[in-house]
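What follows is the residue order along each chain.
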Amino acid sequence: MKRNILITGGAGFIGCHVVKLFVEKYPDYNIINLDCLTYAGNLENLRAIESSPNYIFEKVNLLDVSELEAVFAKHAVTDVIHLAAESHVDRSITDPLAFVKTNVIGTVNLLNVAKDYWGDLENHLFYHISTDEVYGSLEDGGFFTETTPYDPQSPYSASKASSDHFVRAYANTYKMKTVITNCSNNYGPNQFPEKLIPLCIHNIKNNKPLPVYGKGENIRDWLYVVDHARAIDLVFHEGRAGETYNIGGFNEWKNIDIVQLLCQKMDAKLGRASGTSEKLITYVKDRAGHDHRYAIDASKIQKELGWEPSLQFEEGIEKTIDWYLENEDWLNNVTSGNYQKYYEEHYGG
Ligand code: NAD
Ligand code: TYD
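Nothing here was measured: the structure is a model prediction, and the numbers come from that model.

A. A look at the overall build of the protein chain. Within the protein chain, the secondary structure is distributed over 12 helices and 12 strands. Its C-alpha atoms give the protein chain a radius of gyration of 20 Å, within 12% of the compact-globule value 20 Å for 349 residues. In the protein chain, buried positions account for 56% of the 349 residues. A sequence separation of at least 24 residues applies to 82% of the contacts in the protein chain between residues at least 6 apart. On the protein chain, roughly 14,500 Å² of surface is accessible, and the fraction owed to carbon and sulfur atoms is 49%. Treating the 33 positive side-chain charges of the protein chain as one cloud and the 48 negative ones as another, the clouds have centres 1 Å apart.

B. Examining the nonpolar core more closely. Ranked by internal contacts, the top residues of the largest apolar core, which has 52 residues, are Ile 7, Phe 22, Leu 43, Ile 81, Tyr 127 and Ile 301. With eight residues, the single largest contributor to this core is helix H1 (residues 13-25). Among the nonpolar cores identified, the runner-up in size contains 29 residues, and Trp 253, Met 266, Trp 323 and Trp 330 belong to it.

C. Structural context of the sheet that holds strand E5 (residues 126-131). Read across the sheet, seven strands follow the order E3-E2-E1-E4-E5-E6-E10 without closing on themselves; strand pairing throughout is parallel. Lying at the two open borders of the sheet, with one neighbouring strand each, are strand E3 (55-58) and strand E10 (244-247). Each neighbouring strand pair of the sheet contributes to a mean axis angle of 20°, computed without reference to strand direction. Across five bridges, strand E1 (residues 4-8) lies against strand E2 (residues 30-34) in parallel orientation. Within E2, the position partnered with Asn 4 by the bridge is Asn 30. Where helix H5 (residues 155-174) meets the sheet, its contacts fall on E5, strand E6 (178-183) and E10, and the angle it forms with E5 comes to roughly 155°.

D. Quick peek at the environment of Glu 328. Topologically, Glu 328 is positioned in helix H11 (residues 328-336). As a C-alpha pair, Glu 328 and Arg 91 span 237 residues in sequence and 25 Å in three-dimensional space.

E. Spatial organisation of unusual backbone geometry. The backbone of Leu 37 shows a phi angle near 60°, a positive value even though the residue is not glycine. Tracing the chain through its elements places Leu 37 in the loop between E2 and E3. The backbone phi angle of Asn 207 is positive, close to 55°, even though this residue is not glycine. As for its placement among the helices and strands, Asn 207 is situated in the loop between helix H6 (196-205) and strand E8 (210-213). Given the relative accessible area of 48%, Asn 207 is considered partly exposed.

F. Spotlight on helix H10 (residues 313-326). Here H10 contains 14 residues, and its C-alpha end-to-end distance of 20 Å stays within 8% of the 20 Å for a straight helix at 1.5 Å per residue. Burial in H10 covers these residues: Phe 313, Gly 316, Ile 317, Thr 320, Ile 321, Trp 323 and Tyr 324. Relative to the axis of H10, the buried residues are bounded by an arc of 160° and lie together on one face. Close packing links the buried residues of H10 with strand E7 (185-187), H6, strand E9 (219-224), strand E11 (252-254), helix H8 (255-270) and H11.

G. Representation of the pattern of salt bridges within the structure. One pass over the full model with this rule turns up 16 salt bridges. Here Asp 90 and Arg 287 are joined by a salt bridge, their closest N and O atoms 2.7 Å apart. Here the residue Asp 90 occupies a position in helix H3 (residues 89-94), and Arg 287 occupies one in the loop between strand E12 (281-284) and helix H9 (299-305), the gap between them amounting to 197 residues. Salt-bridge contacts for Glu 243 lead to Lys 300; the nearest nitrogen and oxygen are separated by 2.5 Å. On the criterion of sequence distance, the pair formed by Glu 243 in the loop between helix H7 (225-238) and E10 and Lys 300 in helix H9 is long-range, its members being 57 residues apart. Owing to a relative accessible area of 21%, Glu 243 belongs among the partly exposed residues under this scheme. If you follow the salt bridges from partner to partner, you end up with Lys 265, Lys 269, Glu 314, Glu 318 and Asp 322 in one network.

H. Layout of the site of ligand 1. Close to ligand 1 lie 28 residues; Ile 14, Asp 35, Ser 87, Tyr 156 and Lys 160 are nearest. Interatomic distance of 2.5 Å between a side-chain N/O atom of Asp 35 and an oxygen atom of ligand 1. At 2.7 Å, a side-chain N or O of Ser 87 approaches an oxygen atom of ligand 1. When the free accessible area of ligand 1 is taken as 830 Å², the share hidden by the protein chains comes to 96%. Residue contributions to the shell around ligand 1 peak at three residues, all from E5. In terms of residue class, the shell around ligand 1 is built from 14 nonpolar, 12 polar and two charged.

I. Representation of the packing of aromatic side chains in the model. As enumerated under the stated definition, the model contains 19 aromatic pairs in all. Seen in terms of ring centroids, Tyr 187 and Phe 313 are 5.1 Å apart; in terms of plane orientation they differ by 70°. Their pairing is edge-to-face. Of the two residues, Tyr 187 sits in strand E7 while Phe 313 sits in helix H10, which places them 126 residues apart along the sequence. Here the two residues Tyr 187 and Phe 313 agree in accessibility, since each one is buried. Put simply, the rings of Tyr 187, Trp 222, Tyr 224, Trp 253 and Phe 313 touch in pairs and so form one group of aromatic residues. Across from the ring centre of Phe 143, 5.9 Å away, lies the NZ or CZ of Arg 293, which sits over that ring.

Parameters and conventions
- Residues numbered from 1 in each chain as written.
- Chains lettered and ligands numbered in written order.
- Predicted model: local features only at pLDDT ≥ 70, side-chain atom pairs only at ≥ 80, totals over all residues.
- Heavy atoms only, no water.
- Helix = DSSP H or I, 4+ residues; strand = E, 2+ residues; numbered from the N terminus.
- Rg over C-alpha atoms; globule rule 2.2 N^0.38 Å.
- Buried < 20%, exposed > 50% of the residue type's maximum accessible area, 1.4 Å probe, protein only.
- Contact = heavy atoms within 4.5 Å.
- Areas by Shrake-Rupley, 256 points an atom, 1.4 Å probe, with all protein chains shown as cover.
- Lys, Arg positive; Asp, Glu negative; His and termini not counted.
- Charge placed at Lys NZ, Arg CZ, Asp CG, Glu CD.
- Core = buried A, V, L, I, M, F, W, Y, C linked by side-chain atoms within 4.5 Å.
- Pairing = 2+ DSSP bridges.
- Axes fitted to C-alpha atoms, helices over the stretch in contact; angles between N-to-C directions.
- Expected span 1.5 Å × (residues − 1).
- Arc of directions from axis to C-beta.
- Salt bridge = Lys/Arg side-chain N within 4 Å of Asp/Glu carboxyl O.
- Near = heavy atom within 4 Å.
- Polar contact = N/O pair within 3.5 Å; in protein donor to acceptor, adjacent residues only side chain to side chain.
- Nonpolar A, V, L, I, M, F, W, Y, C, P; charged D, E, K, R; others polar.
- Phe/Tyr/Trp six-rings, centres within 6.5 Å; stacked < 30°, edge-to-face > 60°.
- Lys NZ or Arg CZ within 6 Å of the ring centre and 35° of its normal.

None of this, on its own, says anything about what the molecule does.
So, in C-alpha cells, the structure goes:
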C-alpha cells in the first residue's frame, strides 16, 4: 500500500535511524520528517538519505497547529510515527514546562490534527514512541511489563506518561488506531553528548572529568539504537492496533560499570596506558529524585512479533565508540553551535 508517513523528531537521535531505515527499506513510501530542530535535532544525521526521492523535510514545531495542518494536507499524510520530544531528564528538572509544552501539548496537537485530517480513522495508524521511565523506578528485583502501573517520577517521565494517556484516550474516545511502544535506554551513533554514554566518550577523548551521579550504582537497561529502529519497523507493520509493546534487550548495567568499560575500551583505542582514563571518573552530587533501576521484560514483542536485538552490548559499544571517534566534526559541530552554519548553507537559514 502506498503510504505517506509523517515521522516526527526525525532529526534527533532515534528518529534519524528510523527515518534512514524507512527511506532505504521502503522506496514506495514517502517519508516526511517533521522536526523543529532544537539543540537535539541535527540534519547532518540524515546526510546519507537527504537527496532520496521519497524523503521530505519539514521544519515545523509541534506547537504550531496551523503549520501541522498544512503539512498533513500538503503531503496527504496517511500514518504517523511520533518521536519528537524533549528527552533529557536533567533538562526536565531545570525546565519542566518545556517538557509539558512539547511532550504533552505537542502530542495532543498532533493527535487532533491527525484525527481531523483523517476523518475516517479506520485506515490510518498513529504510532507513539514512549519510554520505560513511565513505569517509575524498580528496586533490585522484577521487570517492567506492559501491565505495570504507570508511576512516573521525573518531570520528563511525567510528561511522557501524560502523552501516552492521551494517545490511549484518543483510541478509546475517537476509535483512532494507535499503538505505543515503551523502550529502554538507547545508545549508539548520533546521540547528543549530554546523555551518559556519548558524554563519557566525548570527555574521555578530551581528557575531561567523567561526572558519575551519586555512587554510580543506578541501573539502566541498554539497547542499540538500530535495534530500536528495527522494532519500530516491525510494530508499525505487524503490531496490533490498541496494543502496547515493551522494547528492551535484557541488558542491565550499573552506571559505574559502563563508565569503566568505556574507559578501558578507549584507553586501548587511543593508545593510552591501561587505567589512564579511569582517573577522570569524578563522583558528583546525585540527580534529584534519581530513579534507581529500569529493566524491561521484552517477552511480548519477542513472542508475538519475533523481534530480537541483533547486537550484543560489547559489540554495540565498540561500534558506538568507533563512530564518535570517526565523526569528530559532528561532535564539534553539535557542541559548538557550528551546526547552524551547516543548516544555513544547505537549507538557506
Ligand atoms: P532527541 O532529543 O535526540 O530528539 C528529539 C527530536 O525532537 C529532535 O530532533 C528535536 O529537534 C525534535 N523536537 C523537539 N521538540 C520539538 C517540537 N516542539 N516540535 C518538533 N520537533 C521537536 O530524542 P531521542 O533520544 O531520539 O528520543 C526520541 C523519542 O524516543 C522521544 O519521544 C523519547 O521520549 C523516546 N525514547 C527515547 C529513549 C532514549 O534512550 N533516548 C528511550 C526510549 C524512548
Ligand atoms: P541518561 O543518559 O541521562 O539517561 P536516563 O536518565 O534517561 O536514564 O542517564 C543514564 C544514567 O546515567 C542515569 O542513571 C543518570 C546517570 N548519569 C551520570 O551518572 N552522569 C551523567 O553525566 C549523566 C548524563 C547521567
